[in-house]
Amino acid sequence: MVEVVPAELAGQRLDAVAAKLFPDHSRSRLKTWIDEGSLWVNGAPAVRGRDPVKQGDRLDLRAEVPEVNYDILPQNLPLEVVYADESLAIIRKPAGLTVHPGAGQRDNTLQNALLYHFPQTALVPRAGIVHRLDKDTSGLLVVALTVTAHTYLADLIARRDVSREYDALITGTIVAGSTIDLPIGRHPRDRLRMAVSTGGRKAVTHYRVQERFKHHTLLRVKLETGRTHQIRVHLSHLKWPIVGDQLYGGRVARGVGMSLKLREALLAFPRQALHARALELEHPVTGELLSFANEPPEDFQALLQLLRDEQKAG
């Protein structure tokens, strides 16, 4: 891909100009390509993204663009679409649905379903998926339906300009909300888990109390960053594991005086009680602020009702 710098962009930084001349790619991806030497200026690899460009400079992007999704097959799986237009879709993902194929699962994922219901996503990286939810977390996801929207939304997320809020039911009682600012990295001994680690990446989680029970608390959690398993790791690290989270210590039913019915329900809850409740973001074309919210699914609601009933019974 070759573009020539026009007069109106002369004197600006290379990375800023590249973002304007190659709008199908995110700023973060272009920065990586500049650092790797994949963006050439007048026949030589660019050295620094901050260097100014001149009118008539020839920018040659020699990067390997992510492959489209021809190797992942469309599947007619149920898909709950909350909103859709030409640029994006908001999906309500059920618990138990994996977001995209991996080594352990090649089909029956959200990505397979998107390729069926929105065939245009075959031309978009990862079928338009710009952020993810864990398999057993329910709730809202935004999906890009065009390459341009994918670039825009990926940049919004990288700049932390997408608001994401969750409902989390934890074991333990919390008096007030706060912020957890602890880095997260791969667990040193268990490759399936993440952990708070001094060598990890910055991770910030805000939470406030929604409802208190005898031995549990319903939290409203807001992500500032989006690390793998971030909410689960942060809360578990503080000894407040999410109910049902087998990976991070939440498959327990602790509490003096707890009824047998509630104890059995807690131990039988098959997944982490974590639900992506709300999304707020800027539309990639119109600039309109879009807000979406949804209640937790029936299994989560039923467990909350049991906790409320126990609270009333004293």
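Quick summary incoming for the structure in this document. (Residues numbered from 1 in each chain as written. Predicted model: local features only at pLDDT ≥ 70, side-chain atom pairs only at ≥ 80, totals over all residues. Heavy atoms only, no water.)

1. Here we look at the nonpolar core
Thought 1: In terms of nonpolar packing, the biggest core is built from 48 residues, with Leu114, Leu169 and Leu235 touching the most fellow members.
Thought 2: Once residues lying within four places of it in the same chain are set aside, the contact partners of Leu169 are Phe213, His216, Thr217, Leu218, Pro241, Ile242, Val243, Ala273, Phe300, Leu303, Leu304 and Leu307.
Thought 3: In this structure, Val5, Leu30, Val41 and Leu59 belong to the second largest nonpolar core, which totals 17 residues. (Core = buried A, V, L, I, M, F, W, Y, C linked by side-chain atoms within 4.5 Å. Buried < 20%, exposed > 50% of the residue type's maximum accessible area, 1.4 Å probe, protein only. Contact = heavy atoms within 4.5 Å.)

2. Points about empty space enclosed by the protein
Thought 1: Inspection of every chain in the model, using the stated rule, returns one cavity of 30 Å³ or more.
Thought 2: Size it by volume and the largest cavity reaches roughly 50 Å³.
Thought 3: Residue lining of the largest cavity: Phe213, Lys214, His215, His216, Leu262, Leu307, Glu310 and Gln311, and that is the complete set.
Thought 4: Counting residues per element, the lining of the largest cavity draws most heavily on helix α7 (residues 298-313), at three residues.
Thought 5: Per-class residue counts for the lining of the largest cavity are three nonpolar, three polar and two charged. (1 Å grid on protein atoms, 1.4 Å probe; cavity = no way out; pocket = protein on both sides within 12 Å on 5 of 7 lines; lining within 4 Å. Points joined across faces, edges and corners; volume = space filled by probe spheres on them. Helix = DSSP H or I, 4+ residues; strand = E, 2+ residues; numbered from the N terminus. Nonpolar A, V, L, I, M, F, W, Y, C, P; charged D, E, K, R; others polar.)

3. Some remarks on helix α3 (residues 110-117)
Thought 1: For α3, the tally of buried residues reaches six of eight residues, placing the bulk of the element in the interior.
Thought 2: On its buried face, α3 is in contact with β6 (88-93) and β7 (138-144).

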